[in-house]
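# A structural walkthrough
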Amino acid sequence: MILEAILLGLSTGTYCTMYCAPVLIPFLSGSDKVSYKRSSGLIGTFLGGRLVMYFILGAVFSAAGLVVNSYMDPVLARKLSVYAYIFCGLALLVNSLGVKFPWGCGNANAYSNGCHSPKLRHIGNDWVTAICSGLAVGLHVCPPLWTAILRSIFGGKGLSGLFYFILFYIGTLPFFIPLFGIPFVAKRLPAIKRVARITQFCVSLYFMIFLGLMTLIFG
């Protein structure tokens, strides 16, 4: 059972990377204070938010009686992904405008001092963004995650099911190890920070408009 849970997590690692990398790489690389300790804390906060959302989904699906089904409703999974893109894009956008403006402000010292919008700075700080984007990314339900929900405490397995779900989640974590090297690269290539900030701004708009709102309205 232990091996099955870990292998199931490993099988979904590439899926997680596909959704998490476009969020975490520019977000971490463009942080005002790039350090190993801070990046580790932000990654942990993001992953914690993702785990919390998994538990929320499991509880909701269980309460709604959906866990008795062997297969996740693809229409429901697609709708959840659309909302995930909208909420994640919004969190990244507020962070980009509130903490790490992706462009200068007409002042030579403004950019170096972290040019930002004071009104958005508190609600768009890095830690709030990490937890909110982690929660949003957790809305992407893949087949391995659905299998883990079926096999876990949400499927009536009790305490052993809880450990199964946690071990499944642990199995997805090795794919995030390369992210801990971001401070090493960012400190040696300062231009990456500016590129990352612009990328985060563009990614936030792409998530919200093209993968989120347009899909919700015209999809």
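## Quick word on the environment of Met1
With respect to the helices, strands and loops of the structure, Met1 is situated in the segment before helix H1 (2–11). For the pair Met1 and Leu167, spaced 166 residues apart in sequence, the C-alpha to C-alpha distance is 9.6 Å. With near-sequence residues (within four places) excluded, Met1 lies in contact with Ser160, Gly161 and Tyr164.

## Focus on the nonpolar core
Leu24, Phe61, Val141, Leu145 and Ile149 are the most contacted members of the largest nonpolar core, which totals 45 residues. Elements with a minimum of two residues in this core: H1, helix H2 (13–29), helix H3 (36–63), helix H4 (74–98), helix H6 (126–137), helix H7 (143–151), helix H8 (158–172) and helix H10 (191–218). Broken down by element, this core gets its largest block of residues, eight residues, from H3. Dropping the residues within four chain positions of it, Phe61 is found in contact with Leu66, Val67, Met72, Leu76, Leu80, Val141, Trp146 and Ile149.

## Looking at H8
The first and last C-alpha atoms of H8 sit 22 Å apart over 15 residues, in line with the 21 Å expected at 1.5 Å per residue. Gly161, Tyr164, Phe165, Phe168, Tyr169, Gly171 and Thr172 are the residues of H8 that are buried. The buried residues of H8 occupy an angular sector of 155° when projected down its axis, which confines them to one face. Contacts from the buried residues of H8 go to H1, H2, H3 and H7.

## With respect to the packing of aromatic side chains
Pairs of aromatic rings are described using the distance from one ring centre to the other and the angle between the two planes. The final tally for this structure, using the stated rule, is eleven aromatic pairs. For the pair Tyr15 and Tyr19, a centre-to-centre distance of 4.9 Å together with 55° between the ring planes defines the contact as tilted. Of this pair, Tyr15 and Tyr19 both sit in helix H2, four residues apart, roughly one helical turn. Here Tyr15 falls in the partly exposed class, since its relative accessible area comes to 23%. Classification of Tyr19 by relative accessible area gives buried; the value is 14%. Through successive ring pairs, a cluster of aromatic residues spans Tyr15, Tyr19, Tyr85 and Phe207.

## Digging into the pattern of salt bridges
Opposite charge on two side chains permits them to pair, given that their charged atoms come into close proximity. Counted according to the given criterion, the structure contains two salt bridges. Put simply, Arg151 and Glu4 hold a salt bridge, and the shortest N to O gap is 2.9 Å. Of the two residues, Arg151 is situated in helix H7 and Glu4 in helix H1; the sequence distance between them amounts to 147 residues. Since its relative accessible area comes to 33%, Glu4 is described here as partly exposed.

## What to know about the environment of Lys187
In this fold, Lys187 is placed in helix H9 (residues 182–188). Accessibility expressed as a relative area gives 46% for Lys187, which makes it partly exposed. Through-space distance from the C-alpha of Lys187 to that of Ala63 is 48 Å; in sequence the pair is 124 residues apart. For Lys187, the residues in contact, after removing those within four places along its chain, are Val34, Ser35 and Tyr36.

## Let's talk about a nonpolar patch on the surface
Taken together, Tyr83, Phe87, Tyr206, Ile209, Phe210, Leu213, Met214, Leu216, Ile217 and Phe218 make up a surface patch of nonpolar side chains, about 1,000 Å² in accessible area. One can find Tyr83 in helix H4. Given a relative accessible area of 36%, Tyr83 falls into the partly exposed group.

## Description of the confidence of the model for the protein chain
Of all residues in the protein chain, 92% have pLDDT values of 70 or greater, and the mean over the chain is 89. The model gives residues 108–113 a pLDDT under 50, and that stretch makes seven contacts with residues more than four places away or in other chains.

## Quick word on the environment of Val67
Looking at the secondary structure, you find Val67 in the loop between H3 and H4. Of the residues examined, Val67 reaches a relative accessible area of 10% and is grouped as buried. Separated by 24 residues in sequence, Val67 and Ala91 place their C-alpha atoms 30 Å apart. Apart from the residues within four sequence positions on either side, Val67 is in contact with Gly58, Phe61, Ser62, Trp146, Ile149, Leu150, Phe154 and Gly155.

Analysis parameters
Residues numbered from 1 in each chain as written. Predicted model: local features only at pLDDT ≥ 70, side-chain atom pairs only at ≥ 80, totals over all residues. Heavy atoms only, no water. Helix = DSSP H or I, 4+ residues; strand = E, 2+ residues; numbered from the N terminus. Contact = heavy atoms within 4.5 Å. Core = buried A, V, L, I, M, F, W, Y, C linked by side-chain atoms within 4.5 Å. Buried < 20%, exposed > 50% of the residue type's maximum accessible area, 1.4 Å probe, protein only. Expected span 1.5 Å × (residues − 1). Arc of directions from axis to C-beta. Phe/Tyr/Trp six-rings, centres within 6.5 Å; stacked < 30°, edge-to-face > 60°. Salt bridge = Lys/Arg side-chain N within 4 Å of Asp/Glu carboxyl O. Patch = residues over 30% accessible without salt bridge, like charges linked within 9 Å, V, L, I, M, F, W, Y side chains within 5 Å. Areas by Shrake-Rupley, 256 points an atom, 1.4 Å probe, with all protein chains shown as cover. pLDDT = per-residue confidence, 0-100.

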